[in-house]
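If you want the building blocks of each chain, they are given just below.
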Amino acid sequence: MKQPLTVPPGTKIDLSDFDPRYVHGDSSKNSSEAEIAKLTEASRYLAYRLYAENRRAVLLVLQGMDTAGKDGTIRTVMTGINPQSCQIVPFKQPSSEERDHDFLWRIHKAMPRRGNIGIFNRSHYEDVLVVRVHNLVPKSEWETRYERINEFENLLIEGHVTIIKCFLHISKEEQRERLQARLDRPHKRWKFSKADLSERELWDDYQKAYEVALTRCNTEHAPWHIIPSDRKWNRNLTVSKILHDTLKKLDPQFPACEAGLDDIVVE
Ligand code: AMP
Ligand code: MG
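Below is a summary of the structure that appears in this document.

What counts, and at which threshold
Residues numbered from 1 in each chain as written. Chains lettered and ligands numbered in written order. Predicted model: local features only at pLDDT ≥ 70, side-chain atom pairs only at ≥ 80, totals over all residues. Heavy atoms only, no water. Near = heavy atom within 4 Å. Polar contact = N/O pair within 3.5 Å; in protein donor to acceptor, adjacent residues only side chain to side chain. Areas by Shrake-Rupley, 256 points an atom, 1.4 Å probe, with all protein chains shown as cover. Nonpolar A, V, L, I, M, F, W, Y, C, P; charged D, E, K, R; others polar. Core = buried A, V, L, I, M, F, W, Y, C linked by side-chain atoms within 4.5 Å. Buried < 20%, exposed > 50% of the residue type's maximum accessible area, 1.4 Å probe, protein only. Helix = DSSP H or I, 4+ residues; strand = E, 2+ residues; numbered from the N terminus. Contact = heavy atoms within 4.5 Å. Pairing = 2+ DSSP bridges. Expected span 1.5 Å × (residues − 1).

1. Thoughts on the site of ligand 1
Here comes step 1: Around ligand 1, the surrounding shell consists of F91, K92, Q93, P94, R106, R122, E126, D127, V130, V131 and L136.
Here comes step 2: The separation between an oxygen atom of ligand 1 and a polar side-chain atom of K92 is 2.5 Å.
Here comes step 3: With respect to ligand 1, the side chain of R122 contributes an N or O atom lying 2.6 Å from an oxygen atom.
Here comes step 4: In the complex, the protein chains occlude 74% of the 500 Å² of accessible area that ligand 1 would expose alone.
Here comes step 5: Per-class residue counts for the shell around ligand 1 are five nonpolar, one polar and five charged.

2. Notes on the nonpolar core
Here comes step 1: By size, the foremost hydrophobic cluster in this structure holds 65 residues, and its most contacted members are V58, L60, M78, I117, F120, Y125 and C166.
Here comes step 2: With seven residues, the top contributor of residues to this core is helix α10 (residues 203-216).
Here comes step 3: Excluding anything up to four places from it in sequence, V58 contacts L50, P112, N116, I117, G118, T162, I164, L243, L247 and L250.

3. Side note on the pairing of strand β3 (residues 117-121)
Here comes step 1: Taken across its five residues, β3 has five buried, putting it largely inside the fold.
Here comes step 2: Relative to β3, strand β1 (residues 57-64) runs parallel, the two being bridged by five bridges. Opposite L60, over in β3, you have I119 as the bridge partner.
Here comes step 3: With five bridges joining them, strand β2 (residues 86-90) and β3 adopt parallel strand pairing. Looking at the pairing, P90 lines up with N121 of β3.

4. Examining α10
Here comes step 1: In this model, α10 (14 residues) spans 20 Å end to end at C-alpha, consistent with the 20 Å of a helix rising 1.5 Å per residue.
Here comes step 2: Here α10 lies mainly inside the structure; ten of its 14 residues are buried.
Here comes step 3: By the burial criterion, the buried members of α10 are W203, Y206, Q207, A209, Y210, E211, V212, A213, L214 and T215.

Have a look at this one:
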């Protein structure tokens, strides 16, 4: 059966309907490397034009369970893009200053400037994911956040930000393998924390929290993409394609130059 990448707003999302190994299109691991290279090269030039145009911004939001591949995706899709036009922001546990403000304060401050591509490695969605699963604030407080998030994203869109939201969907078995690989490989161990295991025990609660967030914050102008992510090449290719297609649709234009430049010869 054909699996969609996005579903219409209002559709109740059941993640068990989405196969984390599904491949959109007819790509293969072998062909993916060249395809990704072509897409990132095209995105590089489009990002250059976005920067020159200096009117609009793009925000790529990456969410997913531990080991879903947020870091790896960033590495791949941003390769070749001028670092000056990128802003990559990871969101960790809020600092005490951040906790002393509303949950969107730190998010709004981290938005990419005009002309830039921003990537959020985790995001405001943590405030309805980890916060909900662990009851870090009372239910009455997190319950209203879905609506607040939709309003906030509308504000960003009105401010000429194009929002791409990607949920990197992995299976529980794939996470087991990746966590074990972190333990087994010396240069990966730093990524492992014992807390990852207690979080893994809450797998079902997290999947449920994701289903609610993906359902309630799946809007026409900022839809969620459900990226099958058990195969890393497929995940990277799919996100590269979405970013490229978004930039292409924006079709950024170089700003008009001053008049009368044609006859100038620099001595
Ligand atoms: P990592 O992405 O592996 O570096 O881990 C960052 C950690 O910060 C994760 O365990 C997140 O769940 C946690 N985190 C991010 N945002 C929040 C938040 N708003 N409230 C509580 N924990 C958060
Ligand atoms: Mg981690």
